[in-house]
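Structural overview
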Amino acid sequence: MEITNPRRVLVVSSTNSVQHLTRVMKDLTGTAPEQTSTSLAGASHNLSLKTTYYTAEVPIWLDLISSPSEWSASFLSAEAKEVLEVLGGLMIVFALPVHTQSEEVRAAKDLIQQVGKVVKEGLGGWEWDGVGLCLGVGEIDDVDIWEDCCAEFGLEFVQVRNQATPSRNEFGEKTGIPRALEALEANDWANASLDDLGSDFEDIGAEIEAEEKKRRNPEEENNNSEAAHLEPEDLDFGFDPKDFEGLKAAIWNAGKEDGEDFLNGEPESSTAATKGGERAEGESETKESLDDEDVQKIERMMVKLQAVRESNAGLPEEQRKRAAAKAVAEVIKEL
């Protein structure tokens, strides 16, 4: 699948780290960025991404920061809202200071903190569905302080060493530029605006709220049409409807009260003397419960699953199957 209008990546660096920014961009994209007039500030570049699931030509915006506090204030202003809305990635490039107690350390921390402030307040922090990276260029061995500083703002720290450094660590994980590229490839770059597709969470919430209204006012809706609308076969998740049996069983059993087994329609501890006389009463109570509270439970769960299906409609089949299985498992776990 080709993503024709992907979200953007904003890459920032301090004004005294232009050489590091240029090197990182060349290593990441294969070509060095071209300056606009005499500076890289305001320049744009492209990153070609190709995975099993998509291809995209992701635009990169470059910016140089002289005053981190002024920069963050400008990006948190109302005028910058449209810029933040199209961002799918944000990357900081900085030089790793050799000495732990120096002006360079203070300046680097200030840069990360002010950019991190924009991530938290402008992009939504942990709720942002983009990728945030801090690329520290240098050969120092102790980078714990930088990992902690970046993690505070939901940013992943990646150390970029010289070209002779292995691209994987002792755990087999990618490091340096290969790790940065891996993180970018794993991101969702589809530029789906709220006007076009709506927020997935808002859609799910609206569906559930609508079902709650139907439950409170059942006379306004036709129960038969609702049941037909919520049939597992109609959800088209990409796997056999029998997979819903575990979900249904969990919902029925979640409604047990006083030892009553809703699957069998009779008390669990029935004796031979009482089975014949009490079974009809138990079945009647069970049917009444299933026609009321428990049916409403499964309908709400089906609506939620349907909303998940619709939000994942554009994904490849394997991803849709995984998302569907995860959604069903989460519902069963909640019950």
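For the structure, check the block above.
A brief structural summary. Going along each chain's sequence as written, the residues are numbered from 1 onward. It should be noted that, the model being predicted, local features are given only for residues of pLDDT at least 70 and side-chain atom pairs only at 80 or more, the latter also being counted only at that level, while totals for whole chains, interfaces and linings use all residues. Side-chain numbers come from the whole structure's heavy atoms, not from hydrogens or water.

1. Points about the environment of D110
Selection criterion: The helix count covers DSSP runs of H or I at least four residues long, the strand count covers runs of E at least two residues long, and both are numbered beginning at the N terminus. Each residue's exposure class comes from its accessible area (1.4 Å probe, protein chains only) as a fraction of the maximum for that residue type: buried when under 20%, exposed when over 50%, partly exposed otherwise.
By secondary structure assignment, the location of D110 is in helix α4 (residues 103–121). Here D110 falls in the partly exposed class, since its relative accessible area comes to 23%. As for D110 and P68, which are separated by 42 residues in sequence, their C-alpha atoms are 6.8 Å apart.

2. Some thoughts on the packing of aromatic side chains
Convention followed: Ring geometry is summarised as follows: Phe, Tyr and Trp rings, the Trp one being its six-membered ring, pair when their centres sit within 6.5 Å, and such pairs are stacked at plane angles under 30 degrees, edge-to-face over 60 and tilted between the two.
Throughout the structure, instances matching the rule amount to three aromatic pairs. Between the aromatic rings of F94 and F157, the centroid separation amounts to 6.4 Å while the plane-to-plane angle is 50 degrees, which identifies the pairing as tilted. You can see F94 sitting in strand β5 (residues 87–95) and its partner F157 sitting in strand β7 (residues 156–160), a full 63 residues away along the chain. By the burial criterion, F94 is buried, and F157 matches it. Chaining the aromatic ring pairs together yields one cluster made of F94, W146 and F157.

3. Examining the nonpolar core
Basically, it comes down to this: Side-chain atoms within 4.5 Å link the members of a nonpolar core, which is a set of buried Ala, Val, Leu, Ile, Met, Phe, Trp, Tyr and Cys residues. Throughout, a residue-residue contact means that at least one pair of heavy atoms, one from each residue, lies within 4.5 Å.
One finds V11, M25, M91, L133, L135 and W189 to be the most contacted residues of the largest nonpolar core, which totals 30 residues. In terms of residue count, strand β4 (residues 55–65) provides more of this core than any other element does, five residues in total. When sequence neighbours within four positions are dropped, the list of residues in contact with V11 reads L21, M25, I60, W61, L62, D63, M91 and V93. By size, the runner-up hydrophobic cluster in this structure holds 29 residues, among which are W71, A108, I112 and V115.

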